[in-house]
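Topology and contacts: notes
The primary structure of each chain is shown beneath.
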Amino acid sequence: MFAVHLVAFYFTKLKEDQIKKVDRYLYHMRLSDDVLLDVMTRFRSEMVKGLGRDTNPTAVVKMLPTLVRSLPDGSEKGDFLALDLGGSKFRVLRVKVSEDGKQNVQMESQFYPIPKEIIQGSGNDLFGYITDCIADFMETKDIKHKKLPIGFTFSFPCKQSKLAEGVLISWTKHFKARGVQQTDVVQSLRKALRKHQDMDVDVLAMVNDTVGTMMTCGYDDQRCEVGVIVGTGTNACYMEEMSNIDLVEGDEGRMCINTEWGAFGDDGSLEDIRTEFDKENDLGSINPRKQLFEKMISGLYIGELVRLILVKMAREGLLFNGKLSTALCTKGKIETKHVAAMEQYKEGLSNTKEILTELGLTPSEDDCIAVQHVCTIVSFRSANLCAAALAAILTRLRENKKLTRLRTTVGMDGMLYKTHPQYAKRLHKVVRRLVPNCDVRFLLSESGSGKGAAMVTAVAARLLSQHKQIDAALANFKLTKENLINVKNLMRAELERGLKKETNPTSTVKMLPTFVYGTPDGTEKGKYLALDLGGTNFRVLLVKIRSGRNRSVRMYNKIFAIPLEIMQGTGEELFDHIVQCIADFLEYMGIKGARLSLGFTFSFPCRQAKIDKGTLVGWTKGFKATDCEGEDVVDMLREAIKRRNEFDLDIVAVVNDTVGTMMTCGYEDPNCEIGLIAGTGSNVCYMEEMKNIEIVEGDEGRMCINTEWGGFGDNGCLDDLRTTYDEDVDEGSLNPGKQRYEKMTSGMYLGEIVRQILIDLTKKGLLFRGQISESLRRRGIFETKFLSQIESDRLALLQVRRILQQLGLDSTCDDSIIVKQVCGSVSRRAAQLCGAGLAAIVEKIRTNRNLEHLKTTVGVDGTLYKLHPHFSRILQKTVKELAPQCDVSFILSEDGSGKGAALITAVAKRMHTGSEN
């Protein structure tokens with residue numbers, strides 16, 4: 001028994017001595033965690049360089065955009081051919097993907113060896129050989145009659161500006177075919193395929209093998225957003241935010257980046273960790289000074305590194321009694337498969353002895369232990385370096401997502417990773433140690449990158465089909481210049497009809513006289529009360545106006561809510577609520593006993609016989625108070641004040657919010673003679689020549705006309721531009737068939753139009769995985785403020801997803817892009833329609849005055865115009881295009897229409913005093 005222990009102790013000691021000897025000899029190859037963290041930091045800075053437009057040309061890590069923007073979502077289906085070119089064999093696959101309620105992929109494939117004369121011959125010969133293999137495969141499988149899209153895995157660095165394009169930057173590994181570098185390999189393949197007229201195939205997507213791996217694994221695990229190959233060569237890809245990729249247009253969503261990390265260190269940044277053996281290995285390769293990181297990691301080079309180390313150790317008398325064999329001195333005689341065999345857990349030592357003996361050596365037990373440990377150090381360094389670069393990618397993903405902890409999946413492939421007995425375990429362990437704040441699942445790609453190429457093709461086919469359906473759904477929101485000119489002409493005709501006594505009763509644009517004859521001239525002064533009613537909030541203001549050199553307007557206001565039960569109760573309840581709010585305000589200001597002149601901004605269509613008389617034509621914007629339509633709202637307010645019997649107010653003027661806006665802006669700019677509201681509702685007023693207003697007496701001067709253009713189209717003249725979504729919104733509104741133009745242009749309705757489109761696209765399976773959530777079923781959930789937020793250029797797609805999640809809509813990245821597209825289509829149409837209507841107004845003013853060229857200002861108010869990131873720009877551009885002879889300035893009303901109501905009251909008092917004198 002003692003003898004057994006003695007032998008065991010001796011053997012352990014022997015093993016320990018040999019291991020120490022090798023450790024000392026190869027101490028440069030044993031990398032500490034500090035060194036790996038440093039490599040990780042260096043790689044992260046190389047990634048940033050590669051992504052920058054200015055720094056990419058000199059970056060060695062090229063960070064190539066792949067144009068792959070979407071991962072599989074499980075809905076892919078179809079029949080595809082996949083090609084896989086990157087190693088010593090070429091593979092053709094047929095991949096059938098069926099959805100039918102459960103993901104199902106069927107594959108059949110054939111490997112074709114690539115002779116050396118093809119690999120290192122001409123490009124024409126290479127692509128001719130590839131197409132011959134495809135033809136043979138299709139013949140064998142009896143599928144030559146089928147039309148099949150191709151996904152092409154091409155495992156070499158390529159620049160791509162389209163998914164089906166790839167300009168080869170340089171060959172790697174052992175490929176050297178002439179005339180291919182700097183050319184589009186997809187075009188070369190298509191050209192070769194055209195010679196086989198009996199095959200109906202086309203290349204729909206070209207991907208790197210890392211991308212193929214990520215997509216293969218992504219089909220099984222939708223968290224997979226990284227692909228890594230550790231095989232003949234090594235490389236990685238991952239999903240990067242579009243906003244960080246300077247090399248391609250667009251900021252929305254993500255795109256897969258092929259890092260081409262094999263070239264890391266080609267600029268000398270890894271010289272401190274490269275050893276003499278790495279340098280010798282590099283010089284003996286077919287591409288010296290290139291792919292230096294790959295040459296420290298991948299299967300093509302690890303065996304040769306081991307061989308070079310063994311040769312030197314033998315020459316120094318540290319192995320094999322200083323004796324060398326011809327085989328050991330021959331390049332390529334130790335391959336990675338030998339390294340893997342020598343590191344087997346139980347059979348490793350016997351395998352080592354057998355391999356060394358085959359190399360013509362006579363190894364001792366010591367030699368076998370030492371050689372085995374050389375293999376361990378070389379392969380462990382490979383796993384360490386691979387882990388450091390992967391940890392850099394995982395850290396970038398985590399920071400991109402602004403997460404304290406990342407949960408993700410890495411798709412893995414490559415013969416070294418798959419077949420080496422310790423490699424995967426070592427890699428996983430080091431990655432987890434370097435990035436403890438990342439929960440990483442490593443998923444082995446069982447089917448290789450060929451399936452991934454088919455998946456990319458399937459995703460591309462799915463997205464192509466989706467885009468066609470989405471474009472079809474949104475086609476009617478795209479207005480041509482001809483459409484817009486037609487809208488302008490129709491609006492102009494309705495303006496004329498509304499002004500004429502005969503046609504006014506049937507006109508959809510009511511052209512209501514406001515009895516406002518002038519804009520402020522700077523002499524207005526006094527203290528006025530102003531009321532502003534037009535939405536869910538009611539505002540009471542005290543406005544103090546000073547005239548003269550130091551003219552100014554000071555305002556004090558308070559906002560009161562109008563509950564829904566008041567908005568849709570009785571008229572008496574509504575006006576009593578208004579008077580209660582006035583009483584609260586006067587008490588708050590300490591002026592309850594003061595006699596004040598009052599201007600009332602009432603933002604609903606009214607017929608006026610005088611400036612202080614306003615008969616409500618009909619409620620809009622959600623109001624439905626009974627016993628008001630057809631009644632004078634000024635009288636109703638006076639009656640409510642009488643019922644209260646607490647204060648003395650002189651109601652001088654009732655005005656529309658557009659008029660209030662025009663007057664507010666007119667106080668700042670004397671050229672302002674148009675008021676536009678683009679907010680909850682939509683409306684315009686402007687100064688019209690009295691001689692054109694047949695519905696009131698008098699031909700001298702001008703009067704402000706409240707167009708009430710929201711009713712434009714109620715006669716059906718816009719029906720060819722209305723979509724089924726507009727019809728759904730109209731039918732579900734409080735006033736079906738009315739205010740059709742407003743329902744296409746105003747904030748109260750745009751969100752609802754978007755919601756109807758999203759429901760339709762979800763029903764078609766194009767959004768939210770085909771699931772209509774309870775949130776999406778709720779009318780009014782999609783407020784216009786969300787459109788403004790979603791369309792903001794500064795908003796990353798992740799934030800769009802957060803907005804949708806707040807609304808109870810669980811979206812993918814692709815969903816968010818589609819929602820943003822829908823919002824953009826709806827708001828753009830609204831701005832263009834609004835611009836076409838406004839162009840009709842300015843053109844009318846120009847022709848009224850017989851001017852060749854008109855210079856005028858539009859005063860604007862409304863949250864849609866103020867807060868939406870693109871609405872104002874598109875509206876202004878449309879006006880400019882449709883009314884080129886008009887120089888139109890836009891001035892924003894900072895103080896709202898309440899100030900305007902006070903100014904109208906002041907102007908009315910001034911004009912009244914002037915007429916008395």
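Please read all numbers here as calculations on a predicted model, not as lab measurements.

Rules used throughout
- Residues numbered from 1 in each chain as written.
- Predicted model: local features only at pLDDT ≥ 70, side-chain atom pairs only at ≥ 80, totals over all residues.
- Heavy atoms only, no water.
- Helix = DSSP H or I, 4+ residues; strand = E, 2+ residues; numbered from the N terminus.
- Contact = heavy atoms within 4.5 Å.
- Areas by Shrake-Rupley, 256 points an atom, 1.4 Å probe, with all protein chains shown as cover.
- Buried < 20%, exposed > 50% of the residue type's maximum accessible area, 1.4 Å probe, protein only.
- Pairing = 2+ DSSP bridges.
- Axes fitted to C-alpha atoms, helices over the stretch in contact; angles between N-to-C directions.
- Polar contact = N/O pair within 3.5 Å; in protein donor to acceptor, adjacent residues only side chain to side chain.
- Patch = residues over 30% accessible without salt bridge, like charges linked within 9 Å, V, L, I, M, F, W, Y side chains within 5 Å.
- Salt bridge = Lys/Arg side-chain N within 4 Å of Asp/Glu carboxyl O.
- Lys, Arg positive; Asp, Glu negative; His and termini not counted.
- Charge placed at Lys NZ, Arg CZ, Asp CG, Glu CD.
- pLDDT = per-residue confidence, 0-100.
- Parallel < 35°, antiparallel > 145°, perpendicular 65-115°, else oblique.
- Left-handed = near helix turned anticlockwise from the far one by under 90°.
- Nonpolar A, V, L, I, M, F, W, Y, C, P; charged D, E, K, R; others polar.
- Core = buried A, V, L, I, M, F, W, Y, C linked by side-chain atoms within 4.5 Å.
- Disulfide = S-S within 2.5 Å.

**Some words on the overall build of the protein chain**
Scanning the protein chain for helices and strands turns up 30 helices and 26 strands. Oriented by its inertia axes, the alpha-carbon framework of the protein chain measures out at about 130 × 65 × 50 Å. Relative to all contacts within the protein chain whose residues are 6 or more apart in sequence, the contacts with residues 24 or more apart total 71%. Counting every atom, the protein chain has about 38000 Å² of accessible surface; 48% of that belongs to carbon and sulfur.

**Considering the pairing of strand β2 (residues 78-85)**
Counting buried positions over the eight residues of β2 gives seven, a clear majority of the element. Summarising the sheet, β2 and strand β5 (residues 147-154) pair through five bridges and their orientation is parallel. Paired with A82 across the two strands is G151, which belongs to β5.

**Notes on the environment of N124**
Take N124: it is sitting in helix α4 (residues 123-140). Judged by relative accessible area, which is 64%, N124 ranks as exposed. For the pair formed by N124 and S188, sequence separation is 64 residues and the distance between their alpha carbons is 7.8 Å.

**Some points on unusual backbone geometry**
Although it is not a glycine, Q291 adopts a positive phi angle of roughly 55°. Along the chain, Q291 falls in the loop between α7 (276-283) and α8 (292-297). Even without a glycine there, the phi angle at F515 is positive, about 60°. Turning to its location among the elements, F515 is positioned in the loop between β14 (512-513) and β15 (526-533). When its relative accessible area of 14% is taken as the criterion, F515 is described as buried.

**Points about the sheet that holds β2**
Strand order across the open sheet formed by five strands is β4-β3-β2-β5-β8, with mixed pairing between neighbours. Where the open sheet ends on each side, the last strands, each with one partner, are β4 (104-113) and β8 (200-207). In this sheet, neighbouring strand axes are inclined to one another by 25° on average, regardless of whether the strands run parallel or antiparallel. Bridge count between β2 and strand β3 (residues 89-98): seven bridges; the pairing is antiparallel. Residue pairing for β3: F80 is matched across the bridge by V95. In the packing of helix α5 (residues 185-194) onto the sheet, contacts are made with β2, β5 and β8, and the angle to β8 comes to roughly 165°.

**Considerations on the sheet that holds strand β22 (residues 672-678)**
An order of β14-β24-β23-β22-β25-β26 is seen for the six strands of this open sheet, with the pairing classed as mixed. Only two strands of the sheet have a single partner each, and these edge strands are β14 and β26 (886-892). Looking at chain direction, strand β25 (residues 854-861) and β26 are connected through seven bridges and run parallel. Each residue of the ladder has a partner; that of V860, found in β26, is L892. Along the sheet, helix α20 (residues 657-668) contacts β22, β23 (682-689), β24 (702-706), β25 and β26; its crossing angle with β22, the most-contacted strand, is approximately 130°.

**Comments concerning the side chain of N735**
When you line up the elements, N735 lands in the loop between α21 (724-731) and α22 (740-745). Of note is the side chain of N735, whose polar atom sits 3.3 Å from the side chain of S733. Excluding residues that lie within four positions of it along the chain, N735 makes contacts with W619, D730, K743 and Y749.

**Describing a negative patch on the surface**
Together, E572, E573, D627 and E631 make up a region of like negative charge exposed at the surface. Mapped onto the fold, E572 is located in helix α18 (residues 571-589).

**Points about the pattern of salt bridges**
By the definition in use, this model includes 57 salt bridges. K144 serves as the salt-bridge partner of E139, at 3.3 Å between the closest nitrogen and oxygen. Residues E639 and K642 are paired through a salt bridge, measuring 4.0 Å at the closest nitrogen-oxygen approach. A residue pair is termed a helical-turn pair when its members lie 3 or 4 positions apart in one helix, as E639 and K642 do in helix α19 (residues 633-644) at three residues. By relative accessible area, which is 41% here, E639 ends up partly exposed. Through salt bridges with shared partners, a single network forms among D79, R94, E108, K141 and K146.

**Digging into the confidence of the model for the protein chain**
Predicted confidence across the protein chain gives a mean pLDDT of 88, with 95% of residues reaching 70 or more. At the low end of the mean pLDDT range in the protein chain sits helix α1 (residues 2-25), at 62; at the high end sits helix α29 (residues 871-882), at 97. Between residues 1-11, whose pLDDT stays under 50, and residues either more than four places distant or in other chains, the model counts three contacts.

**As for the environment of A583**
Position of A583 relative to the elements: it lies in helix α18. The exposure class assigned to A583 is buried, which follows from its relative accessible area of 1%. Each C-alpha atom, one on A583 and one on V431, is 70 Å from the other, the two residues being 152 residues apart in sequence.

**Quick look at the side chain of T878**
If you trace the backbone, T878 turns up in helix α29. Among the polar contacts listed, one links the side chain of T878 to the backbone oxygen of I874, at a separation of 2.8 Å. When near neighbours in sequence (up to four residues on either side) are disregarded, T878 contacts L484, Q832, G835 and A836.

**So, the packing of α18 against α19**
At their nearest, the axes of α18 and α19 sit 9 Å apart, and the two run at 60° to each other. Judged by the inter-axis angle, α18 sits oblique to α19. In this structure, the crossing between α18 and α19 has a hand that is right-handed. Within the contact between the two elements, α18 uses G571, E572, F575, D576, I578, V579, Q580, I582 and A583 and α19 uses V633, M636, L637, A640, I641, R643 and R644. The residue makeup of the contact of α18 with α19, split by class, is ten nonpolar, two polar and four charged.

**A short note on the nonpolar core**
Counting residues in each nonpolar core, the largest one holds 109 residues, and the members touching the most others are W709, F782 and L838. Residue contributions to this core peak at 16 residues, all from helix α27 (residues 813-848). Listed in part, the 87 residues of the second largest apolar core include L31, I297, A327 and I369.

**Looking at the environment of G231**
Locating G231 in the fold gives a position in the loop between β9 (224-230) and β10 (234-241). Not counting the four nearest positions on each side in its chain, G231 is found in contact with S298, G299, L300, G414, M415 and L416.

**Observations concerning the state of the cysteines**
All told, the structure shown has zero disulfides when counted by the stated rule. The thiol of C237 is unpaired, and the distance to the nearest cysteine sulfur, on C256, comes to 3.7 Å. Judged by its relative accessible area of 0%, C237 falls in the buried class. For C256, a relative accessible area of 0% corresponds to the buried category.

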